[in-house]
Amino acid sequence: MNDLKQYQSEPEMKGWLYKWTNYIKGYQKRWFVLSNGLLSYYRTQAEMAHTCRGTISLQGAVIHTEDTCNLVISNGGTQTFHLKATSEVERQKWVTALELAKAKAIRLMESEDDEEYDITTQQDKYEVQTILKSMGAKLEDLNTCNELITKHGAALQRSLVELEQLESTGELTPKAKAVNERATLFRITANAMIKACNDYLQLVQNQGRKWQKLLQHEHEQRLHLEEIVEHLARQHSHLEQAAKEANISGGGFSDEDEYYDASEDAASDFIVTIPAKARRRPRGVIRGSSVDGALISSALHDASSSETDEDFAANGQQAKVVTRKEKKDFLTGQKDSLEADKDFVSPSAIGETLDLENSGRLQRRRLIPERPNHSVNLWSIMKNCIGKDLTKIPMPVNFSEPLSMLQRLTEEFEYADLLDKAVLMEDSTEQMAYVAVFTISAYATTSTRTGKPFNPLLGETYECDRMDDLGWKAISEQVSHHPPVAAQHCSGRGWTCWQELSISSKFRGKYLQITPLGIAHLIFEKSGHQYTWRKVTTMVHNIIVGKLWVDQHGEMDIVNHKTGDKCHLKYIPYSYFSRETPRKVTGIVTDKDNSVKWVLSGTWDNKMELSKVLSMQGELKGKPILETESPKLVWKRKWPP
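Since we're looking at a predicted model, the values are computed, not measured.

Caption draft 1: The sheet that holds strand β7 (residues 79–84), seen in detail. An order of β4-β3-β2-β1-β7-β6-β5 is seen for the seven strands of this open sheet, with the pairing classed as antiparallel. Of all strands in the sheet, those bounded by a partner on one side alone are β4 (54–57) and β5 (62–65). Strand-to-strand twist in this sheet, taken as the mean axis angle between neighbours without regard to direction, amounts to 35°. Bridge analysis of strand β1 (residues 13–22) against β7 gives two bridges, and the strand direction is antiparallel. Bridging from a neighbouring strand, Y18 pairs with K84 of β7.

This is how it looks when you write it as structure tokens:
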């Protein structure tokens, strides 16, 4: 602080120069003072106390030399000083000082524009910024001196070459004088360079020792904080164990009591996002309806589908969905709701019925072994893994479920009956809606299953044949180990689905972020409609302390590459301060003209409803209003017994 005040009060350079006044008086002797990026002049030194004849700012000024003793300072055309020194050496001293002052003034102006001080930490920030400014100023001085040394060194070298080329002794005296002056300029600049280097070295050494002490202090504080968090984690583990023992002995509630569904009578009005119309790009065309042809041409679709998906989700518009109220009494509505629930049959229920009928032929297990109950200090494992990939973190075996990742991937076809219904539909937009609901149903089991599946071995395969009861057959293979990549192919009644799956996972301390990579493909053999989509991000919260829970968030774009129909789904992230239903999903289906045809709403862990858009009329607060029919239940999760 004291150095800064001293810098602001003391002038950087002062002395006599000749200033051009007019054509009558010519150059007049004036006293010039350079301070704080301003060059001021007075008639005499005594006028410095009361009268300033003129001032020019060096922030945007241009400084250039004309003759051996003249220099011109121009400030954007508004002010121009034509000055002359007594000698070339004196002029060069002023030019060097002016260039240094100009660089400091520019840095000071930029720093003043960027500074935003906090009231509580203003002094500390000001001190650090002052140090950084000083170091930066010294470094700029070094750069300026370096440029001047290069310039004067080149001039001195040229003078020496001219001196060597002289043949007559008569021209030797003026040339030797010029060489002497240039050598003097070079010596002055070199001395300034040496002084600037010493100042910079001293400043860096002083601050380096100070910052080393601060770094040591921060390291000690970090170790102390790790010990506190580890102690809290142990206490939390003991409390959980005591709570479990108390519940078992007293007949307490189960873990399932903590989960509850959203109200069935929630408001039907909500907001959806209508993405901007994407620019279609040329891509490969599937010829024929065979599955092999679709597989061969999938490589042609990968590049175009990813580019189209990015364009499709770029810019969008929000719209308000309003359901048209039908005139019917309460009993009729209850009856329709009961009939809808009665008519809805889950594929899991179908499988159970067929298992009972064919119990003599095939028996399937109903339960998996209990998880080992061993206490593990998770913090001691995870504290050094923050920011790393999940595949590089060694996890205890009792944190995993007794399933392979390939088996977990096959569970996405639990509700494949949605695809069986989509095959029979002639309306391509309605078929798109059922495909969208199928992609949502793949996340249903993740709400209560927080265990990590085991990583498959390279070349490991898993085949699930449910053609007899559910009508589909899937095979999966681990095709890469690092990074882990799985390939899957599933064929059903009139449809074929395949995908390559790789994940990018990061542990962030409080939560685990899992981002699926790769594209999923679905083709209907009869119509030739091919759909592609990418999966959304999965978040696993409370990794260290608390009960694990899973959330999905992000946006998913599904594209029909034959008709141009698109579906935009939005998985709304959970927020404690939001009034939205937890795990909510909204979406719209548009045709090739970007007209909204269907609206989807529901939750990814319970049910999804589908509403047909009747009209788009008016606006409310700048958002168009979509009028829809009463929603119909398309998918409902079958909870395990």
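Additional details are given in the paragraphs that follow.
Caption draft 2: Region of interest: the pairing of strand β16 (residues 511–517). Judged by which residues are buried, β16 turns out to be one-sided: L512, I514 and P516 face inward and are buried, whereas Y511, Q513, T515 and L517, on the alternate face, are not. Direction of pairing for strand β15 (residues 495–507) relative to β16: antiparallel, over a ladder of six bridges. The residue of β16 that forms the bridge with I503 is P516. Bridge count between β16 and strand β19 (residues 537–541): four bridges; the pairing is antiparallel. Bridged to L512 within β19 is V540.

Caption draft 3: Region of interest: helix α11 (residues 428–441). Between its terminal C-alpha atoms α11 stretches 20 Å, which fits the 20 Å expected from 14 residues at 1.5 Å a residue. Burial analysis of α11 places 14 of its 14 residues in the buried class, the great majority of the element.

Caption draft 4: The pattern of salt bridges, seen in detail. Counted by the stated rule, this structure contains 14 salt bridges. Ionic pairing is found between E463 and K473, a salt bridge with its closest N-O pair at 3.2 Å. Placement of E463 in strand β12 (residues 461–466) and of K473 in strand β13 (residues 472–480) is noted, with a sequence separation of ten residues between them. Judged by relative accessible area, which is 34%, K473 ranks as partly exposed. In this structure, R466 and D469 form a salt bridge, with 2.6 Å as the shortest nitrogen-oxygen distance. Classification of D469 as buried rests on a relative accessible area of 11%.

Caption draft 5: Expanded view of the nonpolar core. With 45 residues, the main nonpolar core has W472, W495, L522, F524, I558 and Y571 as its most contacted residues. When residues in this core are grouped by element, the largest group, eight residues, is from α11. By size, the runner-up hydrophobic cluster in this structure holds 20 residues, among which are L58, F81, L83 and L98.

Caption draft 6: Summary view of the side chain of S447. Structurally, S447 can be placed in the loop between α11 and β11 (452–454). The exposure class assigned to S447 is buried, which follows from its relative accessible area of 1%. Reaching out from S447, the side chain makes a polar contact with the backbone oxygen of A444 at a distance of 3.3 Å. There is a polar contact of 3.1 Å between the side chain of S447 and the side chain of R637.

Caption draft 7: Seen up close, the packing of aromatic side chains. Here the structure, examined in full by the defined rule, presents twelve aromatic pairs. Arranged with centres 5.3 Å apart and planes meeting at 70°, the rings of W20 and Y27 form a pair that is edge-to-face. Taking the relative accessible area as the measure of exposure, Y27 reaches 28% and is therefore partly exposed. For the ring pair W549 and Y574, a centre distance of 5.5 Å and an interplane angle of 80° mean the geometry is edge-to-face. You can see W549 sitting in strand β20 (residues 549–560) and its partner Y574 sitting in the loop between β21 (566–571) and β22 (584–590), a full 25 residues away along the chain.

Caption draft 8: Expanded view of the side chain of D420. By the secondary structure assignment, D420 is in helix α10 (residues 417–423). The class of D420 is buried, set by a relative accessible area of 18%. Within the structure, D420 has its side chain in polar contact with the side chain of R493 (distance 3.4 Å). The contact partners of D420, leaving out residues within four places of it in the chain, are L470, R493 and W495.

Rules used throughout
Residues numbered from 1 in each chain as written. Predicted model: local features only at pLDDT ≥ 70, side-chain atom pairs only at ≥ 80, totals over all residues. Heavy atoms only, no water. Pairing = 2+ DSSP bridges. Helix = DSSP H or I, 4+ residues; strand = E, 2+ residues; numbered from the N terminus. Axes fitted to C-alpha atoms, helices over the stretch in contact; angles between N-to-C directions. Buried < 20%, exposed > 50% of the residue type's maximum accessible area, 1.4 Å probe, protein only. Expected span 1.5 Å × (residues − 1). Salt bridge = Lys/Arg side-chain N within 4 Å of Asp/Glu carboxyl O. Core = buried A, V, L, I, M, F, W, Y, C linked by side-chain atoms within 4.5 Å. Polar contact = N/O pair within 3.5 Å; in protein donor to acceptor, adjacent residues only side chain to side chain. Phe/Tyr/Trp six-rings, centres within 6.5 Å; stacked < 30°, edge-to-face > 60°. Contact = heavy atoms within 4.5 Å.

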